[in-house]
Protein chains: 2
Amino acid sequence: MEAAPPGSSRPTEPGPCLSGQRGADHAASASLQSAAGTEPGRHPLAVAAVLPAGGCGERMGVPTPKQFCPILERPLISYTLQALERVCWIKDIVVAVTGENMEVMKSIIQKYQHKRISLVEAGVTRHRSIFNGLKALAEDQINSKLSKPEVVIIHDAVRPFVEEDVLLKVVTAAKEHGCSDYDLEFGTECLQLALKYCCTKAKLVEGSPDLWKVTYKRDLYAAESIIKERISQEICVVMDTKEDNKHIGHLLEEVLKSELNHVKVTSEALCHAGRHLQQIILDQCYNFVCVNVMTSDFQETQKLLSMLEESNLCILYPVVVVSVHFLDFKLVPPSQKMENLMKIREFAKEVKERNILLYGLLISYPQCLLPSTLEKLVISPWTSNDDQKLQESLRQGAIIIASLIKERNSGLIGQLLIA
Amino acid sequence: MEAAPPGSSRPTEPGPCLSGQRGADHAASASLQSAAGTEPGRHPLAVAAVLPAGGCGERMGVPTPKQFCPILERPLISYTLQALERVCWIKDIVVAVTGENMEVMKSIIQKYQHKRISLVEAGVTRHRSIFNGLKALAEDQINSKLSKPEVVIIHDAVRPFVEEDVLLKVVTAAKEHGCSDYDLEFGTECLQLALKYCCTKAKLVEGSPDLWKVTYKRDLYAAESIIKERISQEICVVMDTKEDNKHIGHLLEEVLKSELNHVKVTSEALCHAGRHLQQIILDQCYNFVCVNVMTSDFQETQKLLSMLEESNLCILYPVVVVSVHFLDFKLVPPSQKMENLMKIREFAKEVKERNILLYGLLISYPQCLLPSTLEKLVISPWTSNDDQKLQESLRQGAIIIASLIKERNSGLIGQLLIA
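Residues numbered from 1 in each chain as written. Chains lettered and ligands numbered in written order. Predicted model: local features only at pLDDT ≥ 70, side-chain atom pairs only at ≥ 80, totals over all residues. Heavy atoms only, no water.

A few words now on the overall build of chain A. From N to C terminus, chain A includes 14 helices and twelve strands. A burial count over chain A gives 57% of its 419 residues as buried. In chain A, the proportion of contacts linking residues at least 24 apart, taken out of those at least 6 apart, comes to 76%. When the accessible area of chain A is evaluated, it comes to approximately 18,500 Å², of which 51% is carbon and sulfur surface. (Helix = DSSP H or I, 4+ residues; strand = E, 2+ residues; numbered from the N terminus. Buried < 20%, exposed > 50% of the residue type's maximum accessible area, 1.4 Å probe, protein only. Contact = heavy atoms within 4.5 Å. Areas by Shrake-Rupley, 256 points an atom, 1.4 Å probe, with all protein chains shown as cover.)

Take a look at the structure:
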């Protein structure tokens, strides 16, 4: 059962990506491909993966089987598929699920646009599920799109953080050492199954701490925190002008950099069709701070939201957008500006449907600054007291932005926060 | 080194408590005490605990030793001490820490008011630390406040979720079976140490999944989520009147009950010196929704904050207070009310120092309702449309309250949220 057509631009993983756009990863990627015998010009090793996913998760203490438990509203198994998918030299991924979960699994594959996935029915035990998966790979059916593999990776559906280097170790060991008597004797029965039904060599390889299995409810909590941390490593500050270095957005950018020193903070202008911004979206940045100074109200934020909605970025992870507005609380009461900004609640509801979490942030700044830029700084009676206040507001704004990005709290979307 | 004086009313643990005020737990508690030979009128078994806490946590991947890593701003080891402290039949708790962490440990004991704790210097290995702890218990020093125990529990400082029943199993096994040859052969060296230096019997007893050890960074994430979940099981809605069942606060209470069906929602009036409320605080409820209808602005919330500040409730866990205000957005623009409510930011900063997380929540309700009660409902042209709108606002308010309580996000304190 082939469940999804190949070839789409949906991102597969934050971080290094084999087929990816990131130049820095190309060298490492090439060497990995070579080790797996998968570099261009050489006959590639045919590798497939089988995921037994027929368990009912009785140790989890929740009614949903653990592989279908949601993390940031997406089922755990989708994260595991994503981790395998990004390894381009794994040609086929066969998932064994129970009959009653077959439709759920199909809808997961469709919704999250997973590729190279085939489904087989799970057996009554984990081993029988693996057997069914291996059989599907071994069969020479006319209608089957599966190619007979030389190496099969058996991977638990509830180990979402498998890294490519561990998978490569598995494949390399299988290729070099074959399946030893020791493994057959002391390894799990999976190894015997692989040899018996696929004539495929298998070997036990030591994993890494990252390869942990989601078993208890606490592991779901841990997985959610790890995933949230992974997608919060980069923030893009979107400016409504590209000309002015003294733009107040750049001040915010500087404060974000110093307050969140473990996070990569970049900035980009939205004008000129936002080509650079398109690249940042392609590079899988999941956090945007959109500065609205030059234009009225939400114009800039709305442009950004349209770009995000058109991209595939939000399919796998919720994207945070903080719409930032500056205001002199002494000159204009925040209440007045607030009324204009109330419509953010409606926008937020709309874009939540597309997996975008939108929040508003009002930052106070002293009167002597122009609404658009800080140019007046040189001619107006700018005091060190004003400067301190602005710094404090910006710092407070950075703390709020960091909190929103870290928690990805969908219960607080559409709120207008004040710094 | 006795580090803290005994006898204070600081709560030790959310949930069943041996010496506690909760009637329902008394029977279970008595039977436990009897099994441990600690019920009144019988010679109690002298039980002590030794916590080796000299590790440097190299597997954690963070510079702080894992036992000192903060969870909700409190070091992990304090949670473990709290779990042991609440077991009243453990007479002494000896913690072995390295010389360089001795002062940190003393300040932790003081800040979180831990009782029955003695400190000894850790050795270069875990076993030597245990040895030092046991030696302190065995010594007959004139200045020592420690009594020689019959049973010693050796417990890792990084297993914060130990339950009394497991500890009781350990003590009962030690009392009944003594220390078998099997345990000495195949158990850890701790058993031998205990026998050799304390003439104290020890035995390996199987633990529960709750007894897991914080080893990796992901375990800290899991521990934080578990702790947050534990202290979010009860919400008290504080009303500014006790008379009226139609009070809008009761409507909010009903919606909270239906939206958060796993959470216990109670309500209490603050008037008459808040005696019932005092009991709820003593019973360790960590979440308050304070309804301000009858009185202007924050009067009611301020009373509640004073009560909380006077109690010891906030020592161990951050307490969430959501100050709720109702307003007809059509009649009075939210902005106007907001300006009055802006001072919540200052209050929030102040009470944060006392470990109280204060947030504001403005709930819109239709014009035809009186600001104080729902009594007008019978005489005003109340339409089903109005009713729907109010229900939707209350539901939205419940979602926001649930989010604030679940996350305990200190970056968002003092914000005025809108439902």
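Strand pairing in a sheet relies on backbone hydrogen bonds, with the paired strands running either antiparallel or parallel. Residues and elements named next belong to chain B. Taken in spatial order, the four strands line up as β5-β4-β1-β6 in an open sheet, and their pairing is parallel. Of all strands in the sheet, those bounded by a partner on one side alone are β5 (117-121) and β6 (151-154). The sheet shows a mean angle of 25° between the axes of neighbouring strands, taken without regard to direction. Pairing analysis gives five bridges linking strand β4 (residues 90-97) to β5, with the strands arranged parallel. In the sheet register, Val-95 faces β5, and the bridge partner there is Leu-119. In the packing of helix α3 (residues 102-111) onto the sheet, contacts are made with β4 and β5, and the angle to β5 comes to roughly 175°. (Pairing = 2+ DSSP bridges. Axes fitted to C-alpha atoms, helices over the stretch in contact; angles between N-to-C directions.)

To continue, consider the packing of aromatic side chains. Under the definition given, this model contains eight aromatic pairs over all chains. Ring centres of Tyr79(A) and Tyr317(A) lie 6.1 Å apart, and the angle between their planes is 50°; on these two criteria the pair is classed as tilted. Separated by 238 residues along the polypeptide, Tyr79(A) in helix α2 (residues 76-85) and Tyr317(A) in the loop between α11 (299-310) and β10 (319-327) bring together distant segments of the chain. The residues Tyr79(A) and Tyr317(A) share a single accessibility class, namely buried. Taken together, the aromatic side chains of Tyr79(A), Tyr286(A) and Tyr317(A) make up a single cluster linked through ring pairs. Geometry around Tyr79(B) places Arg74(B) over its ring, the cationic atom sitting 3.8 Å from the centre. For Arg74(B), the ring lying beneath its charged end belongs to Tyr112(B), and the centroid distance is 5.5 Å. (Phe/Tyr/Trp six-rings, centres within 6.5 Å; stacked < 30°, edge-to-face > 60°. Lys NZ or Arg CZ within 6 Å of the ring centre and 35° of its normal.)

Take chain A, turn it by 180°, move it 0.0 Å along the axis, and it overlays chain B with an RMSD of 0.0 Å. What the rotation and shift describe, once combined, is the action of a two-fold rotation axis. (Least-squares fit on C-alpha atoms with pLDDT ≥ 70 in both.)

On to the side chain of Gln415(B). If you trace the backbone, Gln415(B) turns up in the loop between α14 (384-407) and β12 (416-418). Here Ile418(A) takes part through its backbone nitrogen, which lies 2.7 Å from a polar atom of the side chain of Gln415(B). Setting aside its immediate chain neighbours within four residues, Gln415(B) contacts Ile400(A), Leu417(A), Ile418(A), Tyr359(B) and Gly360(B). (Polar contact = N/O pair within 3.5 Å; in protein donor to acceptor, adjacent residues only side chain to side chain.)

Turning next to the pairing of β5(B). Counting buried positions along β5(B) yields four of five residues, so the element is predominantly enclosed. For the crossover that starts at β4(B), traverses α3(B) and ends in the parallel β5(B), the hand is right-handed. (Right-handed = clockwise from strand over helix to strand, strands pointing away.)

Residues and elements named next belong to chain A. Enumeration according to the criterion identifies 26 salt bridges over all chains in this entry. Residues Glu-103 and Lys-106 are paired through a salt bridge, measuring 3.6 Å at the closest nitrogen-oxygen approach. Of this pair, Glu-103 and Lys-106 are both found in helix α3 (residues 102-111), three residues apart, which corresponds to roughly one turn of the helix. The exposure class of Glu-103 is exposed, given its relative accessible area of 56%. The salt bridge involving Arg-230 is made with Glu-163; its shortest N-O contact spans 3.7 Å. Linking Arg-230 in helix α8 (residues 217-230) with Glu-163 in the loop between β6 (151-154) and α5 (164-177), this pair joins segments that are 67 residues apart in sequence. The exposure class of Glu-163 is partly exposed, given its relative accessible area of 26%. A single salt-bridge network, built from bridges that share partners, covers Arg-86, Glu-163 and Arg-230. (Salt bridge = Lys/Arg side-chain N within 4 Å of Asp/Glu carboxyl O.)

So, about the interface of chain A and chain B. Note on interface size: it is often stated as the accessible area lost on association of the parts. Across the contact, 33 residues belong to chain A and 33 residues belong to chain B. Interface area for chain A against chain B, summed over the two sides, is near 2,900 Å², with a carbon-plus-sulfur share of 57%. Counting across the chain A and chain B interface gives two salt bridges. Between Glu229(B) and Lys217(A) there is a salt bridge, and its shortest N-O distance comes to 3.4 Å. Residue assignment for the side of chain A that touches chain B shows that the elements contributing at least two residues are α8, α12 (334-341), α14 (384-407) and β12 (416-418) of chain A. Among the residues forming the side of chain A that touches chain B, the class breakdown is 19 nonpolar, seven polar and seven charged. (Buried area = accessible area lost by both parts, 1.4 Å probe. Nonpolar A, V, L, I, M, F, W, Y, C, P; charged D, E, K, R; others polar.)

All right, on to the confidence of the model for chain A then. Low-pLDDT portions of the prediction should not be read for the details of their coordinates. Taken as a whole, chain A shows an average pLDDT of 80; of its residues, 72% reach a score of 70 or greater. Counting contacts from residues 1-8 of chain A, a segment whose pLDDT is below 50, to residues more than four positions away or on other chains yields 18 contacts. (pLDDT = per-residue confidence, 0-100.)

A word on the environment of Asn132(A). All names here are of chain A. Tracing the backbone through its elements, the reader meets Asn-132 in helix α4 (residues 126-138). Spatially, the C-alpha atom of Asn-132 lies 28 Å from that of Ser-208, the residues being 76 residues apart in sequence. Dropping the residues within four chain positions of it, Asn-132 is found in contact with Val-120, Glu-121, Ala-122 and Gly-123.

A separate point is the sheet that holds β12(B). All names here are of chain B. Spatially, β8-β7-β9-β10-β11-β12 is the arrangement adopted by the six strands of the open sheet, whose pairing is parallel. Edge positions in the open sheet fall to β8 (264-269) and β12, since each of these has one partner strand only. Strand-to-strand, the axes of this sheet are offset by a mean angle of 25°, without reference to chain direction. Pairing of strand β9 (residues 287-292) with strand β10 (residues 319-327) involves six bridges; the strand directions are parallel. Bridging across to β10, Asn-292 finds its partner in His-325. Across the sheet, helix α10 (residues 275-282) is in contact with β7 (234-239), β8 and β9; its angle to β8 comes to roughly 145°.

Next up on the list: the pairing of strand β4 (residues 90-97) of chain A. Residues and elements named next belong to chain A. The buried fraction of β4 amounts to seven of the eight residues, a majority that puts the element mostly inside the structure. As paired elements, strand β1 (residues 47-52) and β4 share six bridges and run parallel to each other. Bridge pairing in β4 places Ala-48 opposite Asp-92.

Along the chain, Asn385(B) falls in helix α14. Given the relative accessible area of 42%, Asn385(B) is considered partly exposed.

Moving on, we get to unusual backbone geometry. Even without being glycine, Leu72(A) reaches a positive phi, approximately 50°. Accessibility expressed as a relative area gives 13% for Leu72(A), which makes it buried.

Bringing the nonpolar core into the picture now. Counting 232 residues, the largest nonpolar core has Val95(A), Phe288(A), Val95(B) and Phe288(B) as the members making the most contacts within it. Not counting the four nearest positions on each side in its chain, Val95(B) is found in contact with Leu51(B), Ala53(B), Ile77(B), Leu81(B), Met105(B), Ile117(B), Ser118(B), Leu119(B) and Val120(B). (Core = buried A, V, L, I, M, F, W, Y, C linked by side-chain atoms within 4.5 Å.)

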